[in-house]
Amino acid sequence: MILSGRVAIVTGASRGIGLAIVHALLAKGTRVAGWSRTKPNLNHPNFTHYTTDITDKASVEQSFKLTVRDFGDEVRVLINNAGLGYECELDALSTEQWHEMFDTNVNGIFYASRLVIPFMKKAQRGHIINISSVAGTQGIPGMAAYCATKYAVRGLSQSLFKELRPHGIKVTCIYPGSVKTNFFDKIDSVELNDDMMMPEEIASTVLHCLEAPDNYHVVDIEMRPLSMKKRM
């Protein structure tokens with residue numbers, strides 16, 4: 001897909017991987033709608049921020065309504081990036097934390113995708129990229145609930161790509177390992193370090209998938225830091 005002039009929605013756009021993806025898309029001439037609770041420190045003529053609680057169906061619907069108002073029915077890219085995780089053994093995890101992770105990591109993808117897909121079907125073109133994690137490919141002690149959400153993203157993505165393939169719509173699931181972001185603020189066993197991947201590197205992989213030839217579909221892609229000093 002040629003990204004210049006296209007319209008993309010990026011969830012979790014205020015920092016980390018989401019913000020890096022926003023910058024990468026803007027550099028390609030993409031018009032970007034950033035959905036997040038907090039507005040990023042970014043001023044660009046092709047960027048519009050919409051205050052969005054991805055866990056709230058009504059909030060997502062309002063942001064989509066405003067995005068269509070401002071950009072028309074031209075949304076061809078959706079990056080489902082918003083996510084969070086808590087480190088805790090399952091029997092010590094609160095029900096609030098469990099629901100917060102599923103509401104953010106899984107339900108948010110449903111809320112956003114179900115709104116965008118009809119427009120992509122009408123155009124017979126589009127690309128949805130879901131940011132999962134290597135935690136969606138293996139179990140990690142102390143991260144059972146988080147792994148459960150990311151396995152859900154994996155299953156959702158695998159099914160969705162088969163549903164949407166006949167409509168000319170691509171679905172890609174990305175599984176990053178350790179990335180140097182604020183995600184680890186809540187993970188006591190891991191300290192941020194320079195051996196981790198950088199958000200910009202994940203963003204470059206997103207661009208690679210989006211810019212692939214029309215008949216070339218990257219379904220799953222996993223990346224990890226070469227160093228094995230830290231988990232994931």
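Details of the structure are given in the entry above.
Residues numbered from 1 in each chain as written. Predicted model: local features only at pLDDT ≥ 70, side-chain atom pairs only at ≥ 80, totals over all residues. Heavy atoms only, no water.

**Student:** Hey, could you run me through the side chain of Thr 205 in this one?
**Tutor:** Along the chain, the position of Thr 205 falls in helix α5 (residues 199-210). If near-sequence neighbours (up to four positions away) are discounted, Thr 205 is found in contact with Ile 174, Ile 221 and Met 223. (Helix = DSSP H or I, 4+ residues; strand = E, 2+ residues; numbered from the N terminus. Contact = heavy atoms within 4.5 Å.)

**Student:** Can you help me understand α5 in this one?
**Tutor:** Helical geometry note: an α-helix holds 3.6 residues per turn, so side chains three or four residues apart project in the same direction. Taking 1.5 Å per residue as the helical rise, α5 with its 12 residues ought to reach 16 Å, and the 17 Å between its terminal C-alpha atoms agrees with that figure. All of the buried residues along α5 are Pro 199, Ile 202, Ala 203, Thr 205, Val 206, Leu 207, Cys 209 and Leu 210. Looking at the packing, one finds that the buried side of α5 touches α1 (16-27), β4 (75-80), β5 (126-131), β6 (169-176) and β7 (220-223). (Expected span 1.5 Å × (residues − 1). Buried < 20%, exposed > 50% of the residue type's maximum accessible area, 1.4 Å probe, protein only.)

**Student:** Even after reading the chapter, I still don't get unusual backbone geometry, so can you show me in this structure?
**Tutor:** Glycine aside, a negative phi is what most residues show, and trans is what most peptide bonds show. Phi angles above zero are rare outside glycine, and Gln 124 is one such case at about 55 degrees. With respect to the element layout, Gln 124 can be found in the loop between α3 (95-123) and β5. Taking the relative accessible area as the measure of exposure, Gln 124 reaches 42% and is therefore partly exposed.

**Student:** Help me out: how do you make sense of the side chain of Ser 157 in this one?
**Tutor:** Positionally, Ser 157 belongs in helix α4 (residues 144-164). At a separation of 2.8 Å, a polar atom in the side chain of Ser 157 contacts the side chain of Asn 130. The contacts of Ser 157, once residues within four sequence positions are left out, are Asn 130, Val 171 and Cys 173. (Polar contact = N/O pair within 3.5 Å; in protein donor to acceptor, adjacent residues only side chain to side chain.)

**Student:** I tried to follow the pattern of salt bridges on my own but got confused; where do I start?
**Tutor:** Side chains that carry opposite charge are capable of pairing whenever their charged atoms lie near each other. Summed over the entire model, instances satisfying the criterion amount to eight salt bridges. Between Glu 211 and Lys 28 there is a salt bridge; the shortest N-O distance is 3.3 Å. Here the residue Glu 211 occupies a position in the loop between α5 and β7, and Lys 28 occupies one in the loop between α1 and β2 (31-36), the gap between them amounting to 183 residues. One network of salt bridges, in which partners are shared, links Lys 57, Glu 61 and Arg 114. (Salt bridge = Lys/Arg side-chain N within 4 Å of Asp/Glu carboxyl O.)

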